Amino acid sequence: MRIRQELVARGLDEATVPLAPAAEAMPHIEAHHTPEHVASIRELDVSGPVAELAVSGALTAIDAVVAGQVRNAFCAIRPPGHHANNTGAEEGFCYYSNAAVAARYAQRVHGFERVLVIDWDYHHGNATQNAFYEDPSVLFFSAHDWAAYPRTGDPALTGEGEGSGLNINVHLDCGATDADMLGHWDATLSPAVAAFDPDFVILSAGFDSRVDDLLGCFALTDDAFRRMTRTAMDYADACCEGRVVSLLEGGYNLDGTALATAAHIETLLEG
């Protein structure tokens, strides 16, 4: 894997604590997805078991952070998850909704009340939005190109019922820069997080928002990912004893994704 090559080149493999997927994922997948969806995905010879393993990795990371084994965690998992609804099929390369399942796991297994999910993927995290649209216990922020797949990230969609105001969609135009992205963090996300006061932070870390990605058209640099990571860690330090779990979402330029991931992990290691 190109990501691992970059981590080794920077000595990050020795600076981090390896975590092997150990949590039993299927009960938590079944609690989130419909029986029909799960049955259909489990029929897939390769993708089905790998998708289940990806969820296990996310849950294992939650466990490790809660236990104090690590301060924060990055999950280099595939397939991604933030487009996986309940269609019985792969959507946008996603099979199970990794971030949503992990958020519920943090709540139901570990007793955290309020979870913040930040999605900086080039594409809108529609399945994460759908999971929590009426839920007052999850604040979801997605900064994306609304014109891109799956074309669901309308900024007018802000949540319903008790979840009103807790679904934040930010549209960024093709060519968006570091300043464009970070400006929305300062103006929109930071005050929302301060008001919400989360107990746990989950990142949907999609690196297809980086410059030169094959399926994205933003111009974000590795410095943007460093700064977003640092800001997310600052939120966690202020609200929830530093608890952050980051899950790899998109990223289709192998070199670019590896470089952005390394910058992300270097920042997480700052503690």
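That block above? That's the structure.
These numbers come from a predicted model, not from an experiment.

**Q** Help me understand the state of the cysteines, please; the structure alone is not making it clear to me.
**A** The term disulfide refers to a covalent linkage connecting the sulfur atoms of a pair of cysteines. Counted under the stated rule, the structure contains one disulfide. For Cys174, the disulfide goes to Cys217, at an S-S distance of 2.1 Å. One end of the pair, Cys174, is in the loop between strand 4 (167-171) and helix 8 (178-196); the other, Cys217, is in the loop between strand 5 (200-205) and helix 9 (222-239), with 43 residues separating them in the sequence. Judged by its relative accessible area of 54%, Cys174 falls in the exposed class. Of all cysteine sulfurs in the structure, the one in Cys75 sits closest to Cys94, which takes part in no disulfide; the separation is 15 Å. What makes Cys94 buried here is its relative accessible area of 0%. Here Cys240 stays unpaired: no disulfide links it, and the sulfur of Cys239, its closest cysteine neighbor, is 5.9 Å away. By relative accessible area, Cys240 is classed as buried at 1%.

**Q** Would you mind going over the pattern of salt bridges with me for this structure?
**A** Between side chains of opposite charge, pairing is possible as soon as their charged atoms come close. A full pass over the atoms with the stated rule returns 16 salt bridges. Of the charged contacts, one joins Asp237 and Arg71 as a salt bridge, the two residues approaching to 2.6 Å between their closest N and O atoms. Pair noted here: Asp237 is in helix 9 and Arg71 is in the loop between helix 5 (47-67) and strand 1 (72-75), with a separation of 166 residues, a long-range link. With relative accessibility at 43%, the residue Arg71 sits in the partly exposed group. Among the salt bridges present, the one from Glu266 reaches Arg226, with a minimum N-O distance of 2.7 Å. Residue Glu266 is located in helix 10 (residues 254-268), and its partner Arg226 is located in helix 9; the two are separated by 40 residues in the primary sequence. Relative accessible area serves as the criterion here: at 22%, Glu266 is assigned to the partly exposed category. Judged by relative accessible area, Arg226 falls into the partly exposed class, the value being 30%. Bridged by salt links that share partners, the residues Arg2, Glu6, Arg10, Arg226, Asp255 and Glu266 form one connected network.

**Q** Even after reading the chapter, I still don't get the packing of aromatic side chains, so can you show me in this structure?
**A** Describing an aromatic ring pair means giving the distance of the ring centres and the angle of the ring planes. According to the stated counting rule, one finds nine aromatic pairs in the structure shown. Measuring from centroid to centroid gives 5.5 Å for Phe93 and Tyr252, while their planes differ by 55 degrees, and the two rings are tilted. In this pair, Phe93 sits in the loop between strand 1 and helix 6 (98-108) while Tyr252 sits in the loop between strand 6 (244-248) and helix 10, placing the two residues 159 residues apart along the sequence. Since its relative accessible area comes to 43%, Phe93 is described here as partly exposed. By relative accessible area, which is 22% here, Tyr252 ends up partly exposed. Relative to Phe225, the ring of Trp120 lies with its centre 6.0 Å away and its plane at 55 degrees, an arrangement referred to as tilted. Linking Trp120 in the loop between strand 2 (115-119) and helix 7 (126-132) with Phe225 in helix 9, this pair joins segments that are 105 residues apart in sequence.

Rules behind the numbers
Residues numbered from 1 in each chain as written. Predicted model: local features only at pLDDT ≥ 70, side-chain atom pairs only at ≥ 80, totals over all residues. Heavy atoms only, no water. Disulfide = S-S within 2.5 Å. Helix = DSSP H or I, 4+ residues; strand = E, 2+ residues; numbered from the N terminus. Buried < 20%, exposed > 50% of the residue type's maximum accessible area, 1.4 Å probe, protein only. Salt bridge = Lys/Arg side-chain N within 4 Å of Asp/Glu carboxyl O. Phe/Tyr/Trp six-rings, centres within 6.5 Å; stacked < 30°, edge-to-face > 60°.

Functional significance is not addressed by these values, which are geometric in nature.
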